[in-house]
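Here is what each chain is made of, one letter per residue.
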Amino acid sequence: MENNREVQILEAEELLCKAMLESDTVSLDKLLSSNLIFTNHLGQILGKKDDLEAHKSGLLHISNIAVEDQQIKLQQDTAVVFAKVTINGNYDGNPTNGTFRFTRVWQNTEGNHWEVIAAHSSLITV
C-alpha cells in the first residue's frame, strides 16, 4: 500500500510539473487545493487563485523544470515532498532562472484524489 501511494505522489508531481510548463490552468485547478498556501522564495504568501491567474494571464512562463534529489515522506492521508528543482522562465518579462528547494504537502481527498495544500520554496544561492 505504501508503495502504491508513493507511485501516486510521483505521478501527481509529474502532472504538476507538466501543467506548470504548459500553463495548463485546468490541470492546475485539479492539482491545487482551493485552500492552498504557497510561500515563495521572496516570503510572499500566495493562494490557488494567484497561481492560476499568473499562468492564465501569461505573467508567469516556465520554459524548463528539472527535478532532482526528490524525497517523499508518507503520512496517513498526506505526503510531504522535498525536492531540489531548477527552473528557467520569466515573470512579468523578467528572467526567473534559479535552483530552489521545494517542500510540497499533498493531501488525499475524497475519491483518492491528491492535491497540494501547502508549499514553500527557497532559492539556493551559491
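Keep in mind that what you see is a predicted model, and the values were worked out from it rather than measured. (Residues numbered from 1 in each chain as written. Predicted model: local features only at pLDDT ≥ 70, side-chain atom pairs only at ≥ 80, totals over all residues. Heavy atoms only, no water.)

Undergrad: Help me get a handle on unusual backbone geometry, residues and values and all.
TA: With a phi close to 50 degrees, Asp 69 is a non-glycine residue in the positive phi region. Inspection of the secondary structure puts Asp 69 in strand E3 (residues 60-74). Even without a glycine there, the phi angle at Asp 92 is positive, about 55 degrees. Mapped onto the elements, Asp 92 comes out in the loop between strand E4 (78-91) and strand E5 (94-95). Asp 92 gets classed as exposed once you look at its relative accessible area, which sits at 54%. (Helix = DSSP H or I, 4+ residues; strand = E, 2+ residues; numbered from the N terminus. Buried < 20%, exposed > 50% of the residue type's maximum accessible area, 1.4 Å probe, protein only.)

Undergrad: Residues and numbers for the layout of surface pockets, please.
TA: Estimated volume of the largest pocket: approximately 720 Å³. What lines the largest pocket is a set of 27 residues, and nearest its centre among them are Phe 38, Asn 40, Leu 46, Asp 51 and Leu 60. Where the lining of the largest pocket is concerned, the elements lending two or more residues are helix H1 (2-22), strand E1 (32-39), helix H3 (48-57), E3, E4, strand E6 (98-109) and strand E7 (113-123). It is H3 that provides the largest number of residues to the lining of the largest pocket, a total of four residues. Per-class residue counts for the lining of the largest pocket are 17 nonpolar, seven polar and three charged. (1 Å grid on protein atoms, 1.4 Å probe; cavity = no way out; pocket = protein on both sides within 12 Å on 5 of 7 lines; lining within 4 Å. Points joined across faces, edges and corners; volume = space filled by probe spheres on them. Nonpolar A, V, L, I, M, F, W, Y, C, P; charged D, E, K, R; others polar.)

Undergrad: Before we move on, could you go through the packing of aromatic side chains and cite the residues and values that matter?
TA: Per the counting criterion, the structure on display carries one aromatic pair. Ring plane angle 55 degrees and centroid distance 6.0 Å describe the contact between Phe 100 and Phe 102, whose orientation is recorded as tilted. We note that Phe 100, like Phe 102, is buried. (Phe/Tyr/Trp six-rings, centres within 6.5 Å; stacked < 30°, edge-to-face > 60°.)

Undergrad: Hey, could you go over empty space enclosed by the protein for me, with residue numbers and the actual values?
TA: Scanning the model with the defined rule gives one cavity of 30 Å³ or more in all. In this structure, the largest cavity encloses a volume near 40 Å³. Residue lining of the largest cavity: Cys 17, Met 20, Ile 65, Val 85, Ile 87, Phe 102 and Arg 104, and that is the complete set. Taken together, the elements giving at least two residues each to the lining of the largest cavity come down to H1, E4 and E6.

Undergrad: So what's going on with the environment of Glu 22? Which residues, and what values?
TA: Turning to its location among the elements, Glu 22 is positioned in helix H1. Distance in space between the C-alpha atoms of Glu 22 and His 55 is 8.8 Å, their sequence separation being 33 residues.

Undergrad: How would you explain the environment of Glu 13 if you had to name every residue and give the values?
TA: Of note, Glu 13 is situated in helix H1. Residue classification places Glu 13 among the buried residues on the basis of a relative accessible area of 3%. Residues Glu 13 and Leu 46 lie 33 residues apart in sequence; the distance between their C-alpha atoms is 19 Å. Not counting the four nearest positions on each side in its chain, Glu 13 is found in contact with Gln 70, Val 81, Arg 104 and Trp 106. (Contact = heavy atoms within 4.5 Å.)

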